[in-house]
Amino acid sequence: MTQHERLLIIDFGSQVTQLIARRLRELNVYCEIHPFNRVTDAFLRDFAPRAVIFSGGPASVFADGAPMPPASVFDLGVPILGICYGQQVMMHCLGGHVERGHGTAEFGRAHVSPTEEKLDLLDGWFENGREQVWMSHGDHVAKLAPGFRVFGISPGAPFAVTADPARHFYAVQFHPEVHHTPGGARLYANFVRIAGFSGDWTMHAYRDEAIRIIRDQVGTGKVICGLSGGVDSSVAAVLIHEAIGDQLTCVFVDHGLLREGEAEQVVTMFRDHYNIPLIHADESELFLTALDGVSDPETKRKIIGGLFIDVFQKHAHEVGGAEFLAQGTLYPDVIESVSFSGGPSVTIKSHHNVGGLPAKMGLKLVEPLRELFKDEVRALGAELGLPPSFIGRHPFPGPGLAIRCPGEITRDKLAILRKADAIYIDQIRKHGLYDEIWQAFAAILPVRTVGVMGDGRTYDYALALRAVTSVDGMTADYYPFTHDFLGETATRIINEVPGINRVFYDVTSKPPGTIEME
């Protein structure tokens, strides 16, 4: 666990809890998200948070088994901020009263107006008389808990902002973490200032701390690092090499699911520029044979995750008995692979390096990026001296083209996809758009369509193009290409790639979609 000043986010199941963490990390405040049912009295003592935030959530305090925080959280003597359901659960626990909707539900944009009393949490708010916020609630607070007063109201929420200033307990009915609450960042900045955070979460400090933790964990042992050539695993490899030097050997697994020319690029970059011992393991036949006939996306991920570990274990013996496996696992990977309730029912997808790991793999994990979001990894890469052109590379998933080939994977479909994807990225670079886009890729769809080329009928695959803008990968929106760009790109792909006769552009945001197809 990090030694920085810590803020605890208790998750009650909101779809935007991760955005709370992003807001706080942007303020140089270290925070962690933990499901409500894992926050015990013992956990609170060990974690020792400087402040606590209760997230929103879909539950009702009236429901049997409604999510609740431990009573001891209110005795920590630290500031607490409750958001939406977090406000309701705070009132419920401290002696207030919550009522069901009855005509006061609010969903979407709303406006909060101030009362005559001033509140430190709202410094800088209401300069234009009222603030736009984003509401999403059915139940509402009907009676405040003792010690609380109202500091902001909306048409559907007479207790939109409440607080017990003496105890630094604050509660809002809206979501300050979302883009549709423009003043949300100011509210969080006020909260962390009230809590006394010094803003000690920087990449320079994290680098020094991570190196110390790696050395303490590994000792004199040997480490193999699963290297994909993407930003995450590469930053992890350079960081670990800085910590333990030649105790590290990277294993680049070519699973037959890479983009065009990628294996050669990765091997050349690491052998020529970083001087890190590297094993190039061509295991494409192993992976593609195991995936033959498999169409379910979760099964694909599990197979790939299991085979990665098998390959790493094999090469661990080659380097003299490595005890540790290093991975570029990120915080969003961890969040998406474990539901807030701890069960599998609302898991979005298993990441090959989280949910896909077998229980007994024979190697101990080293995951120095596990606490970071994607943009923080890029900042750490800059701190480590990686070139900007490399740090700015679009993300590429560990399962590779397997999850950009919905349905059954075949070698022919992979060959078609590689050519189409290379043309798409070439087009993006040619038009100077690469750095404006978070991630772009082509996906071959599991359908064939009828077309006409020359005077003949074709019956070939359809291709989907995807490009999104994002900050950390937790939310994303599609990139607004011009029709001219899309038309030019589709024409190139159809003319230059046999097997494709139709091209679509995916305009789905995240949520409701994910960035990848599977």
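Residues numbered from 1 in each chain as written. Predicted model: local features only at pLDDT ≥ 70, side-chain atom pairs only at ≥ 80, totals over all residues. Heavy atoms only, no water.

Novice: So what about the overall build of the protein? Which residues, and what values?
Specialist: In terms of helices and strands, the protein carries 14 helices and 20 strands. Here the C-alpha atoms of the protein give a radius of gyration of 25 Å, agreeing with the 24 Å that 2.2 N^0.38 yields for 518 residues. With respect to the principal axes defined by its C-alpha atoms, the protein has extents near 70 × 65 × 40 Å. Within the protein, buried positions represent 58% of all 518 residues. Counting only contacts in the protein whose residues sit at least 6 apart along the sequence, the fraction spanning at least 24 positions is 76%. With an accessible surface of roughly 21300 Å², the protein has 51% of that area assigned to carbon and sulfur atoms. (Helix = DSSP H or I, 4+ residues; strand = E, 2+ residues; numbered from the N terminus. Rg over C-alpha atoms; globule rule 2.2 N^0.38 Å. Buried < 20%, exposed > 50% of the residue type's maximum accessible area, 1.4 Å probe, protein only. Contact = heavy atoms within 4.5 Å. Areas by Shrake-Rupley, 256 points an atom, 1.4 Å probe, with all protein chains shown as cover.)

Novice: So what about the pattern of salt bridges? Which residues, and what values?
Specialist: The tally for this structure, following the rule as stated, stands at 23 salt bridges. Between Glu383 and Arg207 there is a salt bridge whose closest N-O contact spans 3.5 Å. With Glu383 in helix H11 (residues 374–383) and Arg207 in helix H5 (residues 203–218), the pair connects residues that are 176 residues apart, well separated along the chain. For Glu285, the salt bridge goes to Arg411, with nearest N and O atoms at 3.1 Å. Of the two residues, Glu285 is situated in helix H8 (residues 284–291) and Arg411 in helix H13 (residues 411–430); the sequence distance between them amounts to 126 residues. Arg411 sits in the partly exposed class, given a relative accessible area of 45%. Overlapping salt bridges, with partners in common, bring together Arg22, Glu26 and Asp375 in one network. (Salt bridge = Lys/Arg side-chain N within 4 Å of Asp/Glu carboxyl O.)

Novice: So what's going on with the sheet that holds strand E16 (residues 364–366)? Which residues, and what values?
Specialist: Spatial ordering of the open sheet is given by E14-E13-E12-E15-E16, a layout of 5 strands whose pairing is parallel. Each edge of the open sheet carries a strand with a single partner, namely strand E14 (278–282) and E16. Each strand axis lies, on average, 30° off the axis of its neighbour in the sheet, ignoring direction. Bridge count for strand E12 (residues 223–227) against strand E15 (residues 324–326) is 3 bridges, and the pairing is parallel. Bridge pairing in E15 places Ile224 opposite Leu325. Helix-sheet contacts for H5 involve E12, E15 and E16, and the interaxial angle to E16 is about 165°. Sitting on the sheet, helix H9 (residues 297–318) is in contact with E12, strand E13 (248–254), E14 and E15, with an inclination near 140° to E13. (Pairing = 2+ DSSP bridges. Axes fitted to C-alpha atoms, helices over the stretch in contact; angles between N-to-C directions.)

Novice: With reference to specific residues and values, describe the nonpolar core.
Specialist: By size, the foremost hydrophobic cluster in this structure holds 95 residues, and its most contacted members are Ile428 and Phe481. In terms of residues, this core owes the most to one element, helix H6 (residues 231–244), which gives 9 residues. Leave out the neighbours within four places in its chain, and Phe481 touches Tyr424, Ile428, Leu433, Ile437, Ala467, Leu486 and Tyr505. Ranked by size, the runner-up nonpolar core spans 41 residues in total, among them Leu121, Ala157, Ala160 and Val192. (Core = buried A, V, L, I, M, F, W, Y, C linked by side-chain atoms within 4.5 Å.)

Novice: Quick rundown of the environment of Leu7? Include the residues and the values.
Specialist: Position of Leu7 among the secondary structure elements: in strand E1 (residues 6–11). Residue classification places Leu7 among the buried residues on the basis of a relative accessible area of 0%. Separated by 23 residues in the primary sequence, Leu7 and Tyr30 have C-alpha atoms spaced 6.3 Å apart. Contacts of Leu7, omitting those with residues within four sequence positions, involve Leu24, Val29, Tyr30, Cys31, Glu32, Phe47, Ala51, Ile53, Phe191, Val192 and Phe197.

Novice: Give a detailed account of the state of the cysteines, specifying residues and quantitative values.
Specialist: Taken as a whole and judged by the stated rule, the model has 0 disulfides. Cys93 takes part in no disulfide bond, and the closest cysteine sulfur, belonging to Cys84, lies 15 Å away. (Disulfide = S-S within 2.5 Å.)

Novice: Outline unusual backbone geometry, supporting the account with residue identities and numerical values.
Specialist: Of note, the bond from Lys510 into Pro511 is cis; its omega dihedral lies within 30 degrees of zero at -15°. Structurally, Pro511 can be placed in the segment after strand E20 (500–505). At the junction of Pro511 and Pro512, the peptide bond is cis and its omega measures out at 15° in the coordinates. Looking at the secondary structure, you find Pro512 in the segment after E20. The phi dihedral of Ala48 falls on the positive side, at around 50°, and the residue is not glycine. Relative to the helices and strands, Ala48 resides in the loop between helix H2 (41–47) and strand E3 (51–54). In the Ramachandran plot, Phe126 falls in the positive-phi region, its phi being about 65° despite a non-glycine side chain. The buried category is assigned to Phe126, whose relative accessible area is 14%.

Novice: Any details on the environment of Ala110? Residues and values, ideally.
Specialist: Assignment of secondary structure puts Ala110 in strand E6 (residues 106–114). Its relative accessible area of 7% is what places Ala110 among the buried residues. Considering only alpha carbons, one finds Ala110 and Val267, 157 residues apart in sequence, at a separation of 54 Å. Among all residues touching Ala110, those that are not within four sequence positions of it are Glu131, Gln132, Val133 and Met135.

Novice: Can you tell me about the confidence of the model for the protein, naming the residues and giving the values?
Specialist: In this model, the protein carries an average pLDDT of 87, and 92% of its residues clear a pLDDT of 70 or more. Within the protein, no element has a lower average pLDDT than helix H10 (residues 331–337), which sits at 67, and none a higher one than E3, at 98. Taken as a whole, residues 339–360 scores under 50 in pLDDT and shows 59 contacts with residues more than four places along the chain or in a different chain. (pLDDT = per-residue confidence, 0-100.)

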